[in-house]
Protein chains: 2
Amino acid sequence: VITSPRNPRVAEALQLRRRSVREDRREFLAEGPQVVLEALAAGAVQEVFVEQTPAGATSPPVSAPIRDSARRAGVPVHDVSTAVMRRLATTVTPQGVVAVCGFVDVPETAVPSGGMVPVLVEVRDPGNAGTILRSADAAGAAAVVVVGASVDVYNEKAVRASAGSLFHLPVVRGVGVDEVLELLRSRGLRVLASAADGARTIHEVDLTGGVAVLFGNEARGLPAGVRAAADDTVRIPIHGLAESLNLAAAASVVLFESARQRVEGGGLP
Amino acid sequence: VITSPRNPRVAEALQLRRRSVREDRREFLAEGPQVVLEALAAGAVQEVFVEQTPAGATSPPVSAPIRDSARRAGVPVHDVSTAVMRRLATTVTPQGVVAVCGFVDVPETAVPSGGMVPVLVEVRDPGNAGTILRSADAAGAAAVVVVGASVDVYNEKAVRASAGSLFHLPVVRGVGVDEVLELLRSRGLRVLASAADGARTIHEVDLTGGVAVLFGNEARGLPAGVRAAADDTVRIPIHGLAESLNLAAAASVVLFESARQRVEGGGLP
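Residues numbered from 1 in each chain as written. Chains lettered and ligands numbered in written order. Predicted model: local features only at pLDDT ≥ 70, side-chain atom pairs only at ≥ 80, totals over all residues. Heavy atoms only, no water.

A short note on the relation of the copies chain A and chain B
Part 1 of the argument: Take chain A, turn it by 180 degrees, move it 0.0 Å along the axis, and it overlays chain B with an RMSD of 0.0 Å. Here the transformation between the copies is reduced to the relation of a two-fold axis. (Least-squares fit on C-alpha atoms with pLDDT ≥ 70 in both.)

This is how it looks when you write it as structure tokens:
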């Protein structure tokens, strides 16, 4: 059992809290049994830290299926003390499992030429980014593209908010704001810019087929140049006094309107 | 200019961080220019704390419209130092304005008998609660009902996430889990329980007319008894590998599907 945060394995894992270290090593931390199981299923895990089972514990530890899965995959599992787990975990109530994972994003050439592709342009909140990944997965989106100075999808909060969806669908990152429209069009996707004052509602616009929907920064929205270059601007119709929606809520509404249209048109089961 | 956090006005405001004090005094804190302006427009503000304009500032302070609005409403404005504002504010980057507001929730008798009424049952995350209030407002919901051991909608994070919508639509709180169905039915509302394994999809179910949709705890969902007593269970159709959605994302999708159906049926402009 590792009891010191200065243990080399633990110390190296802790360095992954810093984005620059993540980028250098192309590794990140995933936390909690659900996310770590998804990461193991995706073959993304390099090593797992598991909090030692308290002496005299009667209920089976949350880590049992993780130990099984890791053993089958040949992934090393390190037992750590409660104190070390508290350092590794970023949640107030650590769930006893943290994994070092390899990056799972795919290259620009993997942007699909069909389906719904939400595109995050300078999104800043990690919870929003992770929640959009989760909703995109649930709505059957074909991929998620992360553009420009957006939050790192490998940030711990983003990984946690994605609830495993980071490992479920293709994520393309590191695309420049200047090149994103060309990239999307080269794949044959129509490009829609979402905006509170978009020209047409999401119910008027065809959200089936190959379509990319751009979502902008929480405070500033989309850069003017990106918006102007899109094929159309779309809005969620607002019926009350709210001026706008939370970004992840808005993206979720758009994603599921696309899924609804696809089901109605026979394009989704 | 108030420069000490021990100033009696400041000290009393700071106590409102505690839920028990909020309940006793029926007061809470609202933060940031947008939310405080909405609170002033709603007549909910009792006093405002404004960070003093830095000497030599050239751009107009964010507080100018707030000072105007407060003066017109006869609401006292206290200038405070940057250090005091840092104590009053809960955000990492304080926006220079915090207001003490009176509770704005309405009694159970104010639950409307028509329209969409989202009902939060033991929702725990303040960000989720506030985001659902914001989406409910934007989707034209008639009211929001908060049930049982749910998070306090007057929690600072919930107020901030609501982005002013807390002041836009009727909020009913303090309803017991045992009494909520009777309350909703007494108003003539149909009662739908949302669940990942709901019997019918939100697109199959009629979400127009007077309808309450129950949303449960982030981890556990709805209590079994509440779910069993509902008129029907509804789900958002999942097309990918995600097992569920973030609660606020799910509620937003349901709320805007209701709005879409209402617009299509001529029940909303």
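Quick word on the packing of aromatic side chains
Part 1 of the argument: All told, the structure shown has eight aromatic pairs over all chains when counted by the stated rule.
Part 2 of the argument: On the numbers, 6.2 Å between centres and 50 degrees between planes, the contact of Phe28 of chain A with Phe103 of chain A is tilted. One end of the pair, Phe28 of chain A, is in strand 1 (residues 27–31); the other, Phe103 of chain A, is in the loop between strand 4 (97–102) and strand 5 (116–121), and 75 residues separate them in sequence.
Part 3 of the argument: On the accessibility criterion, Phe103 of chain A (12% relative accessible area) is buried.
Part 4 of the argument: Relative to Tyr154 of chain B, the ring of Phe103 of chain B lies with its centre 4.0 Å away and its plane at 15 degrees, an arrangement referred to as stacked. Note that Phe103 of chain B is positioned in the loop between strand 4 (97–102) and strand 5 (116–121) and Tyr154 of chain B in the loop between strand 6 (144–147) and helix 7 (156–162), a separation of 51 residues in sequence.
Part 5 of the argument: Three or more aromatic residues link up through ring pairs in this structure, and these residues are Phe28, Phe103, Tyr154 and Phe167 of chain A. (Phe/Tyr/Trp six-rings, centres within 6.5 Å; stacked < 30°, edge-to-face > 60°. Helix = DSSP H or I, 4+ residues; strand = E, 2+ residues; numbered from the N terminus. Buried < 20%, exposed > 50% of the residue type's maximum accessible area, 1.4 Å probe, protein only.)

Observations concerning the sheet that holds strand 4 of chain A
Residue and element names in this part refer to chain A.
Part 1 of the argument: In spatial order, the strands read 1-4-2-3; together these four strands make up an open sheet with mixed pairing. A strand with exactly one partner marks an edge of an open sheet, and here the two such strands are strand 1 and strand 3 (77–80). Ignoring strand direction, the axes of neighbouring strands in this sheet form an average angle of 20 degrees.
Part 2 of the argument: Relative to strand 3, strand 2 (residues 45–51) is paired through four bridges, and the arrangement is parallel. Considered in strand 3, the bridge of Val50 is made with Asp79.
Part 3 of the argument: Of the strands in this sheet, strand 2, strand 3 and strand 4 touch helix 4 (residues 64–73), which is tilted by about 145 degrees from strand 3. (Pairing = 2+ DSSP bridges. Axes fitted to C-alpha atoms, helices over the stretch in contact; angles between N-to-C directions. Contact = heavy atoms within 4.5 Å.)

Digging into the interface of chain A and chain B
Part 1 of the argument: The interface of chain A with chain B comprises 32 residues on the first partner and 32 residues on the second.
Part 2 of the argument: Between chain A and chain B, the buried area comes to about 2,500 Å², and carbon and sulfur atoms account for 65% of it.
Part 3 of the argument: By the criterion of area lost to chain B, the three top residues of chain A are Arg134, His239 and Phe256 of chain A, representing 24% of everything that side buries.
Part 4 of the argument: For the pair chain A and chain B, the interface holds zero salt bridges. (Buried area = accessible area lost by both parts, 1.4 Å probe. Salt bridge = Lys/Arg side-chain N within 4 Å of Asp/Glu carboxyl O.)

Side note on the environment of Arg200 of chain A
Residues and elements named next belong to chain A.
Part 1 of the argument: Within the secondary structure, Arg200 sits in strand 9 (residues 200–201).
Part 2 of the argument: Exposure remark for Arg200: the relative accessible area of 35% places this residue in the partly exposed category.
Part 3 of the argument: Ignoring anything within four residues of it in the chain, the contact list for Arg200 reads Val205, Asp232, Thr233, Val234 and Arg235.
Part 4 of the argument: Side-chain polar atoms of Arg200 contact the backbone oxygen of Glu204, separated by 3.3 Å. (Polar contact = N/O pair within 3.5 Å; in protein donor to acceptor, adjacent residues only side chain to side chain.)

Re the confidence of the model for chain A
Detailed conclusions should not be drawn from predicted coordinates in areas where pLDDT is low.
Part 1 of the argument: For chain A, per-residue confidence averages 94 on the pLDDT scale, and 97% of positions sit at 70 or higher.
Part 2 of the argument: Overall fold confidence (pTM) sits at 0.95, and the ipTM for the predicted complex is 0.95. (pLDDT = per-residue confidence, 0-100.)

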